[in-house]
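# Chains, contacts and geometry: an overview
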Amino acid sequence: MSGERREPMWRRYRRFLRSDITADVDEEIQFHLEMLSRHYEASGLAPETADRAARDRFGDVDRVAGWLRRHDWERERARHIGEVMNSIRHNLRAGVRALVRQPTFTVAATLTLALGIGATTAMFSVVYGVLLRPLPFDDPDRLVRVWTLWRTASGRGAVSAANVRDWRAQNHVFEDVALFKSNQSFNFTAQGEPERLLGASVWASLFPILRASPLVGRTFTEDENEIGHENVVVLSHRLWVRQFGSDPAIVGKAIPLNGVSTTVVGVMRPGFGYPNPDVELWAPLTVPADEYNHRSWGSYSAVARLKPGVTLEQARADLHVVSSNLARQYADNKEIEAGITPLLEDMVGRLEQPLFILLGAVAGLLLIGCANVTNLLLARGLSRRRELAVRTALGASRGRLVEQSITELVPLLALGAVLGVFTAVLALRALVPLLPADLPRTESIGLSLPVLGFAAAVVIVIAFLVGIWPAVDAARSGVASGLAELSRASTGAPRRARVRDALVIAQIAVTLVLLVGATVLLRSFLAVRAVSPGFNPSMALSVHLAIPQSKYPLDAQVTQFYSGVLDRVQALPGVVAVGVVNRLPLGGGNQTAGLQIEDADRDARWPNIQTRTVSPGYFRALEIPLKAGRSFASSDDADAPRVAIIDERLAKMWPPGTSPIGRRIREGGDPWSTIVGVVGHIQHTGLDNDSDPQVYWNYPQRPQERLALVVRTRSTPAALTSSIAAAVREVDPEQPIHDVRTLDAVVDRSLGQRWLETLLLAVFATVALVLASVGAYGVIAYGVGQRLREFGVRIALGAGRRTVIGMVLRRGVTLFGLGAALGLALAAATVRVLSALVYGVTPRDTLSFVLATVVLFLVSVAACYLPARRAARVDPSIALRSE
Amino acid sequence: MVEERFDLLQGTLGLVVLKALLGGELHGYAIARWVETTTGDVLRVEEGSLYPALRRLEDRGFITAEWGLSENNRRARYYVLTAVGRRYLKAEAARWLEFSGAVTQVLRAAPSLA
């Protein structure tokens, strides 16, 4: 009964197809039925009767067939899965073994992967934390900031209480609106040493709008917005822990704030911080009645929540209607529009471009790293050709080789990924403290789940980019070509060498793009840094003071306080000059206004100006030159005629031949002030910002509770901090100072973001350069290694060593040339994305392009140096050796 | 020694099938025929339960199956006893014979059934 047992190969493969199981089962049953039928025929039945009898005898054929099919199917599946698992396990182990056997390759590839993955993950976690992560409020896309916009002018401004009151009453799209003032100072003197706390004054509706509920106690009620009921405060969680020991009994107790006994009514949850995470407490915002008298200018901020289902366009349309109604009603509102911006965009919109540029740069870095790893794998694949050829001869299919190739990559990728994440953690730990202080949402930067998910996606993409080529290569390596090459070493098929060259060229191109970008930014940074601020920031100290209105309700008292401080500080040894200003230049604060000139030409357009309140000594303290007229004097006090000093830029607006001195100007509804002097223009908003002209008022005539002392010193400015603090305490023992900084530090801080962008791009470009040069070196060195015999032959035949070096260099320069050409084209096309970031140079800056190319050229030549030397030192007798 | 037991009917069918294969490989139909022939048609194998039983024996590793060509050149699935199966057959056959011998003794003892 024995038949031919062995099944042909193709039948075995069919086993993997589902239909074959069904067919097999049917066939087995069919066989049995036929045999039965034949048996009955042999007993004398007719064929059809025999068939029927056979079926009857068998029983329920379909049920049995079904059972058998299901059984065989299950068995097949289990076995298949087992095979796959086995295969995977085997390949993984082979991969690990391969890594161990070739430590140089492993180290090089792993480090490259770790660098690429780490840098990309770190950069993305910054992008995610700052730009993409939703705000920590319920339904955060319903939240908007409300601004004052002007119909005929650009820009936006703070809102006035009167307008917000009317917008709130007349709109149909807001759930509610809340007015607030951020950056409020609260002097806290519980334990002796006065401390200044940063807080915000808010309307009670702020907390419901943000859907923020307190941890302990409550938030404000509506009537606490009224004057007389406002001596309550809500603490931040951080302050509660730090100052009050997380004691829930603090709720209901009173604490001294700004010299007034203030009742704590609640404590917020940890992690809640609006308008910024540094806010330590919230007080009710009381709007004095006279604030409602002026509509065209204001000093408040506002946030609102849109009703569910209302789109931004609908809201803007509705607000436009409301604004138009108000414009018809009030002359002051003629130019005014209510403007809204989604809250997240308002906070971080300006950072979108720089951050995405940096993310793009780091992606370029990653690609360069991947190209290196691919080249390493191809080179390794090269050396395993014999192994692959033998395997194929022993029966391994192409599919199996590809599967093997990719699975063997997994240990390497896993190692690279783990190290990469570790690198990212380290990089963030180093980077985050360096971030500019005004960068919002830096507390959200970290390796959160979405960031890790992104890292995983990056690794998968790398697996494809890097793994595909060696796998395809392995599949293509037929037995014949593999065995044929066993006899002598070669550079591999020309196709393979071309791939590696192409990768190097691509690397060089991307590197050049990064280098060009970095050079452009560097030149911009240097240009900005070279801008003269118009004043002398060295040897000068700034000290901030904020006195509580409750303690100094009268203007005269405010003036008296600051005069006292100025006198005492001026008397300190080592002080050359001292002044006050309400907002430091380049300190980040702006105060703009529309100017009115008495007897001005009706048609003349006078620009927006920056205004500052200063003391007479201010200009000396900052060494701002006086160009005409005089500075303020002590005679320009509160009872004297109002005076003003303008800068030379505003002075130029007067027709030549006439002098602005003696003319009168005013801001808004203020009384007219006489111009008594002209000073030099200084940079107020930023060194890279050509800011508006400036007007200065004298502080007794325009008292402000918050002023910054500017002290010019003979020696180290910081050394005077304690004496200044003591001098202040002489005037008011409960008054703290805060934000003490040298003016040099203030100027540097204003450059902080630009510096960081430049630094990061430069770091990425440098790392890319290193990676690309390593890659180029590898390819050229390998090429030389393969051509050693050829070089030996040439030298033996009389070619000079120089010729051989020339051959190597020529290859290197060709690679560089092609890469540079491609890179320059790419750079020219893409560098325009930097236009928002540059200063003093255009993005297509010729010098930058040239510099970057030269640097790249030098590095490329250096990469060729060692291989060229090796080629030149070849012993000609190598030509005589046979393989 | 096998711990768990088949269903009694299935158990005996399995035993019978294994015995059938002791002499060499057979396909399903041949097994059924052998049983009928050997017992003189006293025992008839239910075809509907034969094939599931064969599968279960395969699962337990007592037999293996391979496709081959039958005597009339048709493709048929042949079953072969494995070493494990052989051992199991010997052990289970001994138990069965002991068991059935004891039952026979009981049924033959007094009082007589006649």
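Notes on the structure follow.

How each quantity is defined
- Residues numbered from 1 in each chain as written.
- Chains lettered and ligands numbered in written order.
- Predicted model: local features only at pLDDT ≥ 70, side-chain atom pairs only at ≥ 80, totals over all residues.
- Heavy atoms only, no water.
- Pairing = 2+ DSSP bridges.
- Helix = DSSP H or I, 4+ residues; strand = E, 2+ residues; numbered from the N terminus.
- 1 Å grid on protein atoms, 1.4 Å probe; cavity = no way out; pocket = protein on both sides within 12 Å on 5 of 7 lines; lining within 4 Å.
- Points joined across faces, edges and corners; volume = space filled by probe spheres on them.
- Nonpolar A, V, L, I, M, F, W, Y, C, P; charged D, E, K, R; others polar.
- Buried < 20%, exposed > 50% of the residue type's maximum accessible area, 1.4 Å probe, protein only.
- Contact = heavy atoms within 4.5 Å.
- Buried area = accessible area lost by both parts, 1.4 Å probe.
- Salt bridge = Lys/Arg side-chain N within 4 Å of Asp/Glu carboxyl O.
- Polar contact = N/O pair within 3.5 Å; in protein donor to acceptor, adjacent residues only side chain to side chain.
- Expected span 1.5 Å × (residues − 1).
- Arc of directions from axis to C-beta.
- Patch = residues over 30% accessible without salt bridge, like charges linked within 9 Å, V, L, I, M, F, W, Y side chains within 5 Å.
- Areas by Shrake-Rupley, 256 points an atom, 1.4 Å probe, with all protein chains shown as cover.
- Lys, Arg positive; Asp, Glu negative; His and termini not counted.
- Charge placed at Lys NZ, Arg CZ, Asp CG, Glu CD.

### Digging into the sheet that holds strand 1 (residues 26-27) of chain B
All names here are of chain B. In space, the three strands of this open sheet follow the order 1-3-2, with antiparallel pairing throughout. Each edge of the open sheet is held by one strand with a lone partner, namely strand 1 and strand 2 (63-69). Inspection of the sheet shows strand 1 paired to strand 3 (residues 75-81) by two bridges, in the antiparallel sense. Paired with histidine 27 across the strands is tyrosine 78, a residue of strand 3.

### Description of empty space enclosed by the protein
All names here are of chain A. Under the definition given, this model contains eight cavities of 30 Å³ or more. Put simply, the second largest cavity is a space of about 130 Å³. Lining the second largest cavity we find 14 residues, and of these Leu355, Leu358, Leu435, Leu439 and Leu756 sit closest to its centre. Of all the elements in the fold, those that place two or more residues in the lining of the second largest cavity are helix 5 (103-132), helix 11 (352-383) and helix 22 (752-786). Per-element tally for the lining of the second largest cavity: the top contributor is helix 22, with four residues. A class-by-class count of the residues in the lining of the second largest cavity yields 12 nonpolar, one polar and one charged.

### A word on unusual backbone geometry
Of note, the amide linkage connecting Tyr274(A) to Pro275(A) takes the cis form, showing an omega dihedral of 5°. For Pro275(A), the position within the fold is in the loop between strand 8 (260-268) and strand 9 (281-284). Here the residue pair Ala110(B) and Pro111(B) is connected by a cis peptide bond, since its omega of 0° sits within 30 degrees of zero. A positive phi angle, near 55°, is found at Arg211(A), a position not held by glycine. Phi at Glu623(A) takes a positive value of approximately 55°, unusual for a residue other than glycine. For Glu623(A), a relative accessible area of 42% puts it in the partly exposed group.

### Some remarks on the interface of chain A and chain B
Contacts between chain A and chain B engage 27 residues on the former and 32 residues on the latter. For the pair chain A and chain B, the summed buried surface comes to about 2900 Å²; carbon and sulfur atoms form 50% of the total. Taken together, the connections running from chain A to chain B amount to eight salt bridges. Our enumeration of links across chain A and chain B arrives at 12 residue pairs in polar contact (both at pLDDT 80 or more). Mapped onto the side of chain A that touches chain B, the elements with two or more residues apiece are helix 2 (18-42), helix 3 (47-58) and helix 4 (61-101) of chain A. For the side of chain A that touches chain B, the element with the most residues is helix 2 of chain A, which contributes 11 residues. Classifying every residue of the side of chain A that touches chain B by side-chain character gives nine nonpolar, five polar and 13 charged.

### Quick word on helix 3 of chain A
Residues and elements named next belong to chain A. Helix length check: helix 3, at 12 residues, gives a terminal C-alpha distance of 16 Å against a target of 16 Å (1.5 Å per residue), a fit within 8%. Within helix 3 the residues assigned to the buried category are Ala50, Ala54, Arg57 and Phe58. Across the axial projection of helix 3, the buried residues extend over an arc of 95°, all falling on one side. Away from its buried face by more than 90 degrees, helix 3 exposes Glu48, Arg52 and Asp56. Two residues or fewer past helix 3, glycine 59 is found with a positive phi of approximately 110°.

### Re helix 23 (residues 788-796) of chain A
All names here are of chain A. Among the residues of helix 23, those classed as buried are Leu788, Phe791, Gly792 and Ile795. Across the axial projection of helix 23, the buried residues extend over an arc of 100°, all falling on one side. Residues of helix 23 that are buried sit in contact with helix 22, helix 24 (801-830) and helix 25 (846-872). Remark: glycine 798 follows helix 23 within two positions and exhibits a positive phi of approximately 110°.

### Focus on a positive patch on the surface
Residues and elements named next belong to chain A. Together, Arg89, Arg93, Arg97 and Arg101 make up a positively charged patch on the protein surface. Turning to its location among the elements, arginine 101 is positioned in helix 4. Exposure remark for arginine 101: the relative accessible area of 61% places this residue in the exposed category.

### With respect to the pattern of salt bridges
For side chains of opposite charge, pairing can occur when their charged atoms come near one another. Residue and element names in this part refer to chain A. Taken as a whole, this structure holds 40 salt bridges over all chains when the rule is applied. Across the pair aspartate 176 and arginine 168 runs a salt bridge whose closest N-O atoms are separated by 2.9 Å. Where arginine 242 meets glutamate 280, a salt bridge forms, and the shortest distance between an N and an O atom there is 2.9 Å. Placement of the pair is arginine 242 in helix 8 (residues 237-244) and glutamate 280 in the loop between strand 8 and strand 9, with a sequence separation of 38 residues. Accessibility expressed as a relative area gives 11% for glutamate 280, which makes it buried.

### Focus on the pairing of strand 4 (residues 195-202) of chain A
All names here are of chain A. Counting buried residues in strand 4 gives seven out of eight residues, a clear majority hidden from the surface. As paired elements, strand 3 (residues 174-188) and strand 4 share seven bridges and run antiparallel to each other. Within the sheet, the bridge partner assigned to lysine 181 lies in strand 4 and is serine 201. Here strand 4 pairs with strand 9 via four bridges, running parallel. Across the sheet, residue serine 201 finds its bridge partner in strand 9, namely alanine 283.

### Here's the deal with the environment of Pro440(A)
Mapped onto the secondary structure, Pro440(A) falls in the loop between helix 13 (398-431) and helix 14 (449-476). Taking the C-alpha atoms as reference points, Pro440(A) and Leu285(A), separated by 155 residues in sequence, lie 24 Å from one another.

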